[in-house]
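# Secondary and tertiary structure notes
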Amino acid sequence: MKDPSSDFDIEQLIDQYAEELKRFVYTYIKNWATAEDVTQEVFLKAYEKLDTFKGESTIRTWLFSIAANRSKDYLRTWHYKNLLFKTRLEEPVDSDSNYPEQVVILSSEASELIEKVMLLPVKYREVLLLYYYKEMSVEEIHNILDIPISTVKTRLKRAREKLKPIISDLSHEEGYV
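Residues numbered from 1 in each chain as written. Predicted model: local features only at pLDDT ≥ 70, side-chain atom pairs only at ≥ 80, totals over all residues. Heavy atoms only, no water.

### Re the overall build of the protein
Heads up, the condition is: Counting from the N terminus, the helices are the DSSP runs of H or I reaching at least four residues and the strands are the DSSP runs of E reaching at least two. Only protein chains enter the accessibility calculation, which uses a 1.4 Å probe. A residue is then buried if its area is under 20% of the maximum for its type, exposed if over 50%, and partly exposed in between. Any two residues whose heavy atoms approach within 4.5 Å at even a single point are treated as in contact. Method for areas: the Shrake-Rupley scheme with a 1.4 Å probe, in which residue coverage is limited to the protein chains shown.
Regarding its fold elements, the protein presents 9 helices and 0 strands. Starting at the N terminus and walking to the C terminus, you meet the elements of the protein as α-α-α-α-α-α-α-α-α. Burial status across the protein gives 34% buried among its 177 residues. Expressed as a percentage of contacts within the protein between residues at least 6 apart in sequence, the contacts between residues at least 24 apart total 65%. In the structure as shown, the protein presents an accessible area of about 11,500 Å², 52% of it carried by carbon and sulfur atoms.

Here's what the structure looks like:
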């Protein structure tokens with residue numbers, strides 16, 4: 001039987017998936033520089049473990065799984081928690097100033113919706129982004145996050161419920177209703 005990992009060159013994977021993975025990692029970490037570092041760690045881990053890729057999922061799904069796990073690992077580190085605490089202490093009370101990266105995101109047509117999605121807890125945000133933005137199936141999300149399919153469906157349902165009032169308000173403001 002042919003080894004599925006022999007079909008992939010790490011440079012090819014980086015060229016094909018780096019930007020997409022960095023944007024995905026950013027949804028967890030919310031800092032572009034750190035997202036870039038974590039994305040590099042994802043490819044380093046993929047390179048180290050490429051021989052363990054069994055081909056049971058697509059290489060894209062496998063990379064997203066590594067990215068989700070590395071992002072969650074980063075969010076659990078002392079460095080991140082300390083940085084978050086310091087940032088909150090240094091923030092002015094009226095924080096209307098945005099980082100350049102946030103300005104680009106918030107200037108899009110659906111900025112308010114994106115903003116609300118980013119405020120959701122990670123467990124809801126990640127399934128929404130994978131399902132709608134990355135157009136992955138429930139099965140692929142189950143493989144990436146290593147959670148039961150029923151949990152993926154429940155989280156999608158609850159995330160939609162949390163966003164429903166926001167979407168309704170946006171459509172009223174836009175005059176769609």
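Anyway, onward from the coordinates.
### Digging into helix α2 (residues 32-49)
Stated formally: A helix is expected to span 1.5 Å multiplied by its residue count minus one. Polar contact is defined as a pair of N or O atoms within 3.5 Å, subject to the rule that within protein one atom must be able to donate a hydrogen and the other to accept it, and that residues adjacent in sequence are counted only when both atoms are side-chain atoms.
When the terminal C-alpha atoms of α2 are compared, their 25 Å separation across 18 residues agrees well with the 26 Å that a helix rising 1.5 Å per residue should span. For α2, the set of buried residues is Thr34, Ala35, Val38, Thr39, Val42, Phe43 and Ala46. Elements in contact with the buried residues of α2: α1 (10-29) and α3 (59-75). In this structure Asn31 caps α2, since a side-chain oxygen of it lies 3.0 Å from the backbone nitrogen of Ala33.

### Description of the side chain of Thr61
Mapped onto the fold, Thr61 is located in helix α3. In contact with Thr61, not counting residues within four places along its chain, are Glu140, Asn143 and Ile144.

### Brief notes about the packing of α2 against α3
The line we're drawing: Think of each axis as a best-fit line through the C-alpha atoms, taken over the contacting stretch in the case of a helix, with angles from 0 to 180 degrees between the N-to-C directions. With respect to orientation, any angle under 35 degrees is reported as roughly parallel, any angle over 145 as roughly antiparallel, any angle of 65 to 115 as roughly perpendicular, and every other angle as oblique. Note on convention: near helix rotated counterclockwise from far helix by under a right angle means a left-handed crossing. Clockwise means right-handed. Three classes are used, and their members are as follows: Ala, Val, Leu, Ile, Met, Phe, Trp, Tyr, Cys and Pro are nonpolar, Asp, Glu, Lys and Arg are charged, and the others, Gly among them, are polar.
In contact at an axis separation of 9 Å, α2 and α3 are set at 125° when each is read in the N-to-C sense. Comparing the axis directions of α2 and α3 gives the class oblique. As α2 packs across α3, the resulting crossing turns out to be right-handed. Residues Thr34, Val38, Glu41, Val42, Phe43, Lys45, Ala46 and Lys49 of α2 lie in contact with α3, whose contacting residues are Trp62, Leu63, Ile66, Ala67, Arg70, Ser71 and Tyr74. Grouping the amino acids of the contact of α2 with α3 by side-chain chemistry returns 9 nonpolar, 2 polar and 4 charged.

### A look at the confidence of the model for the protein
Stated precisely, the cut-off is as follows: Predictor confidence is given residue by residue as pLDDT, running from a minimum of 0 to a maximum of 100.
Counting all residues, the mean pLDDT for the protein is 79, and 71% of those residues have values of 70 or more. Considering only residues more than four positions removed or in separate chains, one finds that residues 88-97, a stretch of pLDDT under 50, has 0 contacts.

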